[in-house]
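One letter stands for each residue in the lines below.
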Amino acid sequence: MAEWLKKAVFYEIYPQSFYDTNGDGIGDFNGIIEKLDYIKELGANALWINPCFDSPFKDAGYDVRDYMKVAPRYGTNEDLYRLFSTAHEKGIRVFLDLVPGHTSEEHPWFIESKKAEKNEYSGRYIWTDFWLGGIKGHPYIGGESERNGTYMLNFFKCQPALNYGFLNPEESWQKAIDDPDCLKTREAIKDIICFWLSKGCDGFRVDMADSLVKDDDSEKSGTCKVWRDIFETVRKEYPEAAFVAEWNNSHQAITSAGFDMDFMLDWGGNGYNSLLRDYETPGGDHSYFKADAKGDITTFLNEYLPRVEEIKGKGYISLISCNHDTTRARETLSIPELKVAYATLFTLPGVPFLYYGDEIGMRYLHIPTKEGGYTRTGTRTPMQWNNGVNKGFSTAAKEDLYLPVDEAPDAPNAEDALLDKESLLYTVKDIFALRRDTDDFDADSEFSVLIGEKDKAFVYTRGNTVCAVNPSDVKTSVILSCLAGKKVVYKIGDVTAEGDRLEMGEGSFVILK
Ligand code: NOJ
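Just so it is clear, the structure is predicted and the values come from calculations on it, not from any experiment.

Cut-off values and rules
Residues numbered from 1 in each chain as written. Predicted model: local features only at pLDDT ≥ 70, side-chain atom pairs only at ≥ 80, totals over all residues. Heavy atoms only, no water. Patch = residues over 30% accessible without salt bridge, like charges linked within 9 Å, V, L, I, M, F, W, Y side chains within 5 Å. Areas by Shrake-Rupley, 256 points an atom, 1.4 Å probe, with all protein chains shown as cover. Salt bridge = Lys/Arg side-chain N within 4 Å of Asp/Glu carboxyl O. Helix = DSSP H or I, 4+ residues; strand = E, 2+ residues; numbered from the N terminus. Buried < 20%, exposed > 50% of the residue type's maximum accessible area, 1.4 Å probe, protein only. Expected span 1.5 Å × (residues − 1). Contact = heavy atoms within 4.5 Å. Near = heavy atom within 4 Å. Polar contact = N/O pair within 3.5 Å; in protein donor to acceptor, adjacent residues only side chain to side chain. Nonpolar A, V, L, I, M, F, W, Y, C, P; charged D, E, K, R; others polar. 1 Å grid on protein atoms, 1.4 Å probe; cavity = no way out; pocket = protein on both sides within 12 Å on 5 of 7 lines; lining within 4 Å. Points joined across faces, edges and corners; volume = space filled by probe spheres on them. Domains from an automatic or database assignment.

Draft legend 1. Broad picture of a nonpolar patch on the surface. On the surface, a cluster of nonpolar side chains totalling about 350 Å² of accessible area is made up of Phe130, Trp131 and Leu132. Within the secondary structure, Trp131 sits in the loop between helix 4 (108-113) and strand 6 (140-141). A residue is classified by how much of its surface remains accessible, and Trp131, at 52% relative accessible area, is exposed.

Structure representation (structure tokens):
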């Protein structure tokens, strides 16, 4: 595991919407370079940039047409290399987004593989051997090629599944994971990883990392085997490189597959949603950080604690403020609620990820779909930099903007937030600074829960530091012998500490050392 991850704090950038420097209405690499100082000042020291490769953009770039060439709308490969080197000069690492499970249907590999005549890429995707042949349990397409077969999809119609094989092939056209064709797919992905690492990239967020081997078992043993092999090759040459999985199963992703980090995502029933956005419970939003929900941290802790315990010494769980697929937390939580939420999320173990704009409380916009975003589109709107034209995102005419900017009179922006010490941005900045300066907040520092029960404050330790949270709209108090002698080093809301007693006002958070 790369040592630098202990102090890493990531900032996710959806490049289309970050900052446009050439006035074409869409963000670009030069825009990211110009804003590196902002990111550094915020206290993040690593970036994750969503796919920025050549693509027809039917799924916002998760449909890659050329893995080694960037999409011209963001600039050139040279611009991206310059982004790597400028970021490094400022102490910021850069992750790209690797999409290993599928390509665009316009990728040259796929165009070759559709041909009737056998060629080098015939086995790169998952094809049946008959034009009417179905693929049990998977979406597939027929009637689109001269080849006598149907092919498997990994996500949308535009995303044919790359062939890493089947765990237990049952049909004649299904390949085993060590079949030469499947090994070639693996080698191609290794080449892509090494290509970008050689250019200065520091690692990858890996899309649908659990999706490689088909009809895998419940432990995903085939997919884990493939990843172990990929990492063995890549890490030999790039021991500092790191990888975060979109898997949502830290046992499989970290312990079995060898990832450094795994996201705890907003996927049904894993407890993460119970913190920020409760879509599942009937009768209203009961999420923990919603003041009037009289929250219950236990749903989250029941899932989170065993995961943290199990991966100790092997990797980290990454908690996110949101991501490009998730409704922004601002949709359901107020700014005071978000302050308490972020302070908690970013002081828990693991490597945190902040989604661009969450630091100013950007809203989810109810807007039509763009580039396969559907309900995700409202989370992908342009960053609000200031109160000027297009909120400082771009000088383009409104109709040429990638997505509309939030034009509400009270829409937040970074410039105003930086002038206001009481802003949400300052909460983020303060907590990131504490993480940087306090080893107790390292990704792997000791963690234990002192109080984590229903209707009570949530109290935990990180090393010698104690954190306490009361997101609800009623006051509470805590008596704990370990509080004696400790001083408040940071607080949100009304908190008084005396001896072993802590009085916590509504919507409060405190760090004592
Ligand atoms: C997960 C990505 O986060 C999402 O945006 C994308 O649409 C799918 N994977 C398919 O690649």
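Draft legend 2. Quick peek at helix 12 (residues 424-437). Under the 1.5 Å per step criterion, the end-to-end length of helix 12 is 20 Å for 14 residues, consistent within 8% with the ideal 20 Å. Of all 14 residues making up helix 12, 10 are buried, and the element is well covered by its neighbours. Of the positions making up helix 12, those classed as buried are Leu424, Leu425, Tyr426, Thr427, Val428, Lys429, Ile431, Phe432, Leu434 and Arg435. Its buried side turned inward, helix 12 meets helix 2 (36-42), helix 10 (335-345), strand 12 (353-355), helix 11 (414-419), strand 17 (488-492) and strand 20 (508-512).

Draft legend 3. Region of the structure containing the side chain of Lys339. Turning to its location among the elements, Lys339 is positioned in helix 10. Apart from residues no more than four positions distant in its own chain, Lys339 is found in contact with Glu422, Ser423, Leu424, Thr427 and Ile492.

Draft legend 4. Local environment of the site of the ligand. Near the ligand, the surroundings consist of Asp59, Tyr62, His102, Phe155, Arg205, Asp207, Met208, Glu246, His324, Asp325, Arg376 and Arg380. Take Asp207: an N or O atom from its side chain is 2.7 Å from a nitrogen atom of the ligand. A total of 300 Å² of accessible area belongs to the ligand in isolation, and the protein chains cover 97% of it. Looking at the shell around the ligand residue by residue, the class counts come to 3 nonpolar, 2 polar and 7 charged.

Draft legend 5. Looking closely at the layout of surface pockets. Volume-wise, the largest pocket comes out at about 250 Å³. Mapped onto the lining of the largest pocket, the elements with two or more residues apiece are helix 9 (298-310), strand 11 (316-318) and strand 13 (447-452). The greatest single-element share of the lining of the largest pocket, amounting to 4 residues, is contributed by helix 9. Residues belonging to the lining of the largest pocket are distributed by class as follows: 10 nonpolar, 5 polar and 4 charged. Formed jointly, the lining of the largest pocket draws a minimum of three residues from each of two domains, domain 1 (3-100 + 182-277 + 295-328 + 343-440) and domain 3 (446-512).

Draft legend 6. Here's a closer look at empty space enclosed by the protein. Applying the stated criterion across every chain, the model contains 1 cavity of 30 Å³ or more. If you add up the space inside the largest cavity, you get close to 30 Å³. Elements supplying a minimum of two residues to the lining of the largest cavity: strand 5 (93-98) and helix 5 (180-198).

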